[in-house]
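Listed below, chain by chain, are the residues.
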Amino acid sequence: MKVLVHIDEAEQWRDALAERLPEAEVITSAAPPEQRRQADYLAVWKPPEALLREPGALKGIVNLGAGVDALLNNPGLPEGVPIVKLRDAGMGELIGDYVRYGLLHFQRDFDRYRRQQHAGEWREHAVMDKADWPVGVLGLGAIGAKVAAMVADDGFPVHGWSRTPKALDGITCHHGDDGLEALLGRISTLVLLLPDTPATRHLIDARALSLLPEGASLINPGRGTLIDEAALLAALGPVDDAGSVGRLRGALLDAFPREPLPEASPLWRHPRVWITPHMAGPTPLGAALDQVAEALRAFEAGEVQDTVDPNAGY
Ligand code: GLV
């Protein structure tokens, strides 16, 4: 089989994949066009449109990330070619740590202490018990389920939400529109780990934000499109008054509808917003390559499972 790899630092991925799959010929997009055209499989992250159109007879595509939105929205994507994506592959734990950082940031009042520091104010706040700090995790796929479990292990009560019903140990699971409303009304911090699909776009709009308890906080290591940015800014309250808090106490954001986040975005300068550059869940090479090799072997054996449903968008 011939596998074409496209991702940052593709040579490193090519060599490591070739080691795991001695039976395969692994090339990168730097290979000559006649070689690229013969690829049986693509293993790609955000490939250019032209690259997707090149191969003559693709048998499968492996998405080198958890989110398939960029791939499914690529006009060069050939129809009917089965796609598999990375499932957790070590990203869940990294994102779980990011969420832990955010939770402690709000639950232990680091946001308040930062403002107090700017004002030279020495004042201690009583610690809220974790048991009284319910966390909502929207999205219970491989990553959402891992993050929910990590946060529950830390002692926070966790409410999870998914489109279809799920049952996870130690997590209070909700689903559907009613389930979402019930969850939003009772949590202290909302964590977004849903895929970007037509059904999830702007799920967190003015109405959803209005259902959150006063003083709730938001952590988004998922996709920027999940949030209506204007509604978020309105819920956070005024930009120029660092001391006053809107309904939403603060937001830790890692994903944005346009990345890099445009310089003009008011989010950059909002005193209760913390911005990170889509770094919550980088794909760890080793675990990811094990999954890629396994997926390619399954494709060849005609046993591939868990392919992406382009209509559902994940
Ligand atoms: C990163 O955002 C991914 O989808 O893997």
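Everything that follows concerns the structure shown earlier in this document.
Residues numbered from 1 in each chain as written. Predicted model: local features only at pLDDT ≥ 70, side-chain atom pairs only at ≥ 80, totals over all residues. Heavy atoms only, no water.

The next subject is the packing of aromatic side chains. For any pair of aromatic rings, the description rests on two quantities: the centre-to-centre distance and the angle between the ring planes. Following the criterion strictly, the structure yields two aromatic pairs and no others. Taking the centre distance of 5.4 Å and the plane angle of 35 degrees together, the rings of Tyr 41 and Phe 299 count as tilted. Remark: Phe 299 occurs in helix α11 (residues 285–300) and Tyr 41 occurs in strand β3 (residues 41–44); sequence separation between them is 258 residues. Judged by its relative accessible area of 9%, Phe 299 falls in the buried class. Taking 6.2 Å as the distance between ring centres and 90 degrees as the angle between the ring planes, the aromatic pair formed by Phe 106 and Trp 274 counts as edge-to-face. On the criterion of sequence distance, the pair formed by Phe 106 in helix α5 (residues 91–107) and Trp 274 in strand β12 (residues 273–275) is long-range, its members being 168 residues apart. (Phe/Tyr/Trp six-rings, centres within 6.5 Å; stacked < 30°, edge-to-face > 60°. Helix = DSSP H or I, 4+ residues; strand = E, 2+ residues; numbered from the N terminus. Buried < 20%, exposed > 50% of the residue type's maximum accessible area, 1.4 Å probe, protein only.)

As a further point, take the sheet that holds β3. Taken in spatial order, the five strands of this open sheet run β2-β1-β3-β4-β5, and their pairing is parallel. The sheet terminates laterally at β2 (25–28) and β5 (83–85), the two strands that pair on one side only. Each strand of the sheet is rotated relative to its neighbour by a mean of 20 degrees, with strand direction disregarded. Strand direction decides the pairing type here: strand β1 (residues 2–6) and β3, joined by four bridges, are parallel. Residue pairing in the sheet places Val 5 in a bridge with Ala 43 of β3. Strands β1 and β2 of the sheet are contacted by helix α1 (residues 10–20), whose axis makes an angle of about 175 degrees with β2. (Pairing = 2+ DSSP bridges. Axes fitted to C-alpha atoms, helices over the stretch in contact; angles between N-to-C directions. Contact = heavy atoms within 4.5 Å.)

This brings us to the environment of Met 91. With respect to the secondary-structure elements, Met 91 resides in helix α5. Its relative accessible area of 4% is what places Met 91 among the buried residues. Setting aside chain neighbours within four positions, we find Met 91 in contact with Gly 65, Ala 66, Leu 86, Ile 143, Gly 281, Pro 282, Thr 283 and Pro 284.

Take it as geometry only, folks, not as evidence of what the structure does.
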